[in-house]
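# Coordinates in review
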Amino acid sequence: MVPDVSTGSDTRGLIAYLFGPGRRDEHTDPHIVAAWDMAGAPDPGRDPTVTYTQLAQRLDHHVDLRTRELGKKPPQHVWHCPVRTAPGDRYLTDAEWAEVARRVVDATGIAPEGDEKACRWIAVRHADDHIHILATTVRADGRRPRTNRDGWRAQKECRKIEAEFGLRRLKSGDLTAPRTPTGAERAKAERQGQDVTAREWLREQAYAVAASVRSIDEYFTVLGSLGIQVKPRISAKTGEVDGYSLAAPGDTIWYGGSKLAPDLSYNRLTERLPTQEMADRPQQAADPADSWRRTESAVRTARTVLDAGDDAVAQGHLEAFGDTLHNLARATPGPHQEQLQAAAQAFNRARRSAIRADHQAATELRRAAKELAYAPNLPGGLAIAVVFAALHAARAAAKWHEQRGHEQQAAAAEQAVRHLQDSYREAAEPVLADLTRRAPRPATARRFEADVRAAVPDHADRILADPAWPALTTTLARAETAGYRPRHLLAEVAAHRELDTAERPAEVLNWRITAQPNRRAQAARTSSTRRNAPTARTTLTPQPAPAAPAATHLPHAPRSHHSPHPRRWANSSWIAADVDDEHGLPLQLDLAEDSAATSSSRSPV
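Notes on the structure follow. (Residues numbered from 1 in each chain as written. Predicted model: local features only at pLDDT ≥ 70, side-chain atom pairs only at ≥ 80, totals over all residues. Heavy atoms only, no water.)

### Re the pattern of salt bridges
Basically, it comes down to this: When a carboxyl oxygen of Asp or Glu is within 4 Å of a side-chain nitrogen of Lys or Arg, the pair counts as a salt bridge. A run of H or I in DSSP counts as a helix once it spans at least four residues, and a run of E counts as a strand once it spans at least two, with each numbered from the N terminus. Exposure categories follow from relative accessible area, calculated using a 1.4 Å probe and restricted to protein chains: below 20% of the type maximum is buried, above 50% is exposed, and the middle band is partly exposed.
Scanning the model with the defined rule gives 36 salt bridges in all. The salt bridge involving glutamate 69 is made with arginine 66; its shortest N-O contact spans 2.8 Å. One end of the pair is glutamate 69 and the other is arginine 66, both in helix H3 (residues 61-70) and 3 residues apart, which spans about a single turn. Between arginine 504 and aspartate 466 there is a salt bridge, and its shortest N-O distance comes to 3.3 Å. Taken together, the positions of arginine 504 in the loop between helix H20 (486-494) and helix H21 (505-514) and aspartate 466 in the loop between helix H18 (460-465) and helix H19 (469-481) put the pair 38 residues apart, joining distant regions of the chain. A relative accessible area of 5% means that aspartate 466 is categorised as buried. In the salt-bridge network here, residues are joined through shared partners; they are Asp263, Asp323, Arg351, Arg352 and Arg366.

Rendered as structure tokens:
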């Protein structure tokens, strides 16, 4: 049951809408089901002689008296609250709707039970699934009612009504939810053939842009480059920007940032988008996979933070994790990108709560999220490892919200989990199947089994029984080729987080190992950097150049058992390399991990 409180100043206009045919002739049998005084409230729906003006005059009686005393009409004196049942709920009778109306006006302070001087109100029904409560907010004693937090109080009462009436139990809010589109906004989107309203579209665009930019000025610039109209608000006192509004391309309806979502207000954005100094000299090129590894590590850290108990720090990580999901979806094109985008949109509701965020504590995750927005696309294991870490972080977020009674946020996080699960399965299943198909020979697998029993003895049986164990053996063989000792590596990645709650521990270890850097590639990059580093110039006395030695022709040596096969070069994410006879499979190094080393120390044959 959903209440939606708003205010206005035209009593007769609202009455005409409630008893009229509706914008699309959807109103049927409009009539009053409850009122401050059923005998004193004329019903245009049941008495054809009653006019809208007559009903408005009865409702406005105390308003008119107050107007004559003050010389002007009280502002926003019309209080409007539609109350709607959820799809699939049972049919409510007029008597039941009347009880709902009386309880809502009592809970919100419009007409407390037993208060003879309360505001005048009516409840109109013109459809099976909802009523409209209309009240004029001047009491018989001339005072205005105390309606602070009336929307929250109406929601709280509706939760009780749902339980008592046997209706679908909706999630309670905490006043951090974004505003829902109005009926007029939905009708406009329908006329224009749009699936979402301008408000919803602008909200998602603003979240996606805020996730990738590094300053508030860049935020405005990028929004403008997308065709979105941006109108900064200048403070009359300071002469500086203190707010902004957005409008869809070609539209004339503007929405303030806080009207799109509480955490899109100017002040909230500047809290988490401090201006960052940009480097004024070229930076040394790094491994293109480093941004992905840092993101995977920061997301795993966020999951740990959510279990630590510091609410402000956890809230800061939740907001940064929301940015991470947006940038992950942008940086991971492919058939599963749609599910990643849906996860990011769903998590927008889970990133907010009434808890004030400690953004400074989430600097590492926020920085990694920004880097991911500009990271190269890396198809294959490393991107899947990030999705896998994000899936578990979203689960931890849902649990964190549930423990604190944040029902709407917990439900949103669970929805994000479902989208991440679909994305992960779609991306991971073919990769795991390929790793399983390329598993090393049994002797190597037995050696890795011994490593597992030595490194993680408490979980060895579960790891070896996991269907992903053959895939893990392939990943261990690759790691060994990349310079790792499998036993030490297993112990290291197992210590990242406990494995007791992991349903498939071998799969968990597989992606943790996949996120580790290629040590040999790192060494090659370091060596290349040292060779290419400029050295200090010294003045030397010219010497006669030595005679060039005669060319020496060496006989071709026979190809050794371990000599490399010719490399095959292509624009793909994998590069075929040497054959490892110990493991019994071709060594395949992720080009994303080895690209820098390749470019500096190898040349095509």
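### Section: the sheet that holds strand S9 (residues 255-256)
Our working definition: In this description, strands pair whenever DSSP reports at least two bridges between them.
An order of S7-S8-S9 is seen for the 3 strands of this open sheet, with the pairing classed as antiparallel. Edge strands, defined here as strands with exactly one partner in the open sheet, are strand S7 (229-234) and S9. As defined by bridge partners, S7 adjoins strand S8 (residues 241-247) across 6 bridges and the pair is classed as antiparallel. From the neighbouring strand, glutamine 229 faces S8, where its bridge partner is alanine 247.

### What to know about the packing of H19 against H21
Threshold: Here, axes are lines fitted to C-alpha atoms. For helices the fit covers the stretch in contact, and angles between N-to-C directions go from 0 to 180 degrees. Roughly parallel means an angle under 35 degrees; roughly antiparallel, over 145; roughly perpendicular, 65 to 115; everything else is oblique. Helix crossings fall into two classes, left-handed where the near helix is turned counterclockwise from the far one by less than a right angle and right-handed where it is turned clockwise. Any two residues whose heavy atoms approach within 4.5 Å at even a single point are treated as in contact. Gly counts as polar in this scheme, as do all residues outside two lists: the nonpolar Ala, Val, Leu, Ile, Met, Phe, Trp, Tyr, Cys and Pro, and the charged Asp, Glu, Lys and Arg.
Where H19 contacts H21, the axes come no closer than 9 Å and their chain directions differ by 25°. When the axis of H19 is compared with that of H21, the two are roughly parallel. At the point where H19 passes H21, the crossing takes the left-handed sense. Contacts from Trp469, Ala471, Leu472, Thr475, Leu476 and Ala479 of H19 reach H21 at Ala506, Leu509, Asn510, Ile513 and Thr514. Grouping the amino acids of the contact of H19 with H21 by side-chain chemistry returns 8 nonpolar, 3 polar and no charged.

### Things to note about the packing of helix H13 (residues 337-350) against helix H16 (residues 407-437)
The interhelical angle for the contact between H13 and H16, taken along N-to-C directions, is 170°, at an axis separation of 7 Å. Classed by the angle they form, the pair H13 and H16 counts as roughly antiparallel. For the pair H13 and H16, the crossing hand works out as left-handed. Mapping the contact onto sequence places Gln339, Leu340, Ala342, Ala343, Ala346, Phe347, Arg349 and Ala350 in H13 and Gln408, Gln409, Ala412, Ala413, Gln415, Ala416, His419, Leu420, Asp422 and Ser423 in H16. When its residues are assigned to classes, the contact of H13 with H16 shows 10 nonpolar, 6 polar and 2 charged.

### Remarks on the layout of surface pockets
The condition is simple: The way it works is a 1 Å grid over only the protein atoms, where trapped points that fit a 1.4 Å probe form a cavity and open points with protein on both sides within 12 Å along at least five of seven lines form a pocket, and then any residue with an atom within 4 Å of a point lines it. Grid points are joined across faces, edges and corners, and a volume is the space filled by probe spheres set on the points.
The space that makes up the second largest pocket amounts to roughly 820 Å³. Counting only elements with at least two residues in the lining of the second largest pocket, the list comes to helix H11 (290-306), helix H15 (381-403), H16 and H21. Per element, the largest residue contribution to the lining of the second largest pocket is 8 residues, and it comes from H15. Residue composition of the lining of the second largest pocket, by class: 15 nonpolar, 7 polar and 14 charged.

### Section: H16
Let me state the cut-off plainly: To estimate how far a helix should reach, multiply one less than its number of residues by 1.5 Å. At any given residue, the bend is defined as the angle formed between two axes, one fitted to the seven residues that end at that position and one fitted to the seven that begin there.
Spanning 31 residues, H16 covers 44 Å between terminal C-alpha atoms, matching the ideal 45 Å at 1.5 Å per step. The largest bend in H16 amounts to roughly 35° and is located at alanine 428, with the proline proline 430 lying one to four residues further along.

### Re the environment of arginine 186
Put simply, the rule is: In protein, a polar contact requires one atom able to donate a hydrogen and another able to accept it; more generally it is a pair of N or O atoms within 3.5 Å, and residues adjacent in sequence count only if both atoms are side-chain atoms.
With respect to the helices and strands, the residue arginine 186 is situated in helix H6 (residues 183-191). Considering only alpha carbons, one finds arginine 186 and alanine 198, 12 residues apart in sequence, at a separation of 8.8 Å. In contact with arginine 186, not counting residues within four places along its chain, are Pro181 and Thr197. Engagement of the side chain of arginine 186 in a polar contact is seen with the backbone oxygen of proline 181, the distance being 2.7 Å.

### Concerning the packing of aromatic side chains
Applied cut-off: Note on ring pairs: Phe, Tyr and Trp rings are taken, using the six-membered ring of Trp, and paired if centres are within 6.5 Å. Classes follow the plane angle, with under 30 degrees stacked, over 60 edge-to-face and the rest tilted. Charge-over-ring placement is defined geometrically: NZ (Lys) or CZ (Arg) within 6 Å of the ring centre, and within 35 degrees of the ring normal.
For the structure on display, the rule yields 8 aromatic pairs. Aromatic side chains phenylalanine 220 and tyrosine 266 sit 6.5 Å apart centroid to centroid with 15° between the ring planes, which places their arrangement in the stacked category. Of the two residues, phenylalanine 220 is situated in helix H8 (residues 216-225) and tyrosine 266 in helix H10 (residues 266-272); the sequence distance between them amounts to 46 residues. One exposure class covers both phenylalanine 220 and tyrosine 266, and it is buried. The ring centre of tryptophan 152 lies 4.4 Å from the NZ or CZ of arginine 149, which sits over that ring. Over the ring of tryptophan 254 we find lysine 231; its NZ or CZ atom is 4.2 Å from the centre of that ring.

Fair warning: the whole summary comes from geometry, so function is off the table for now.
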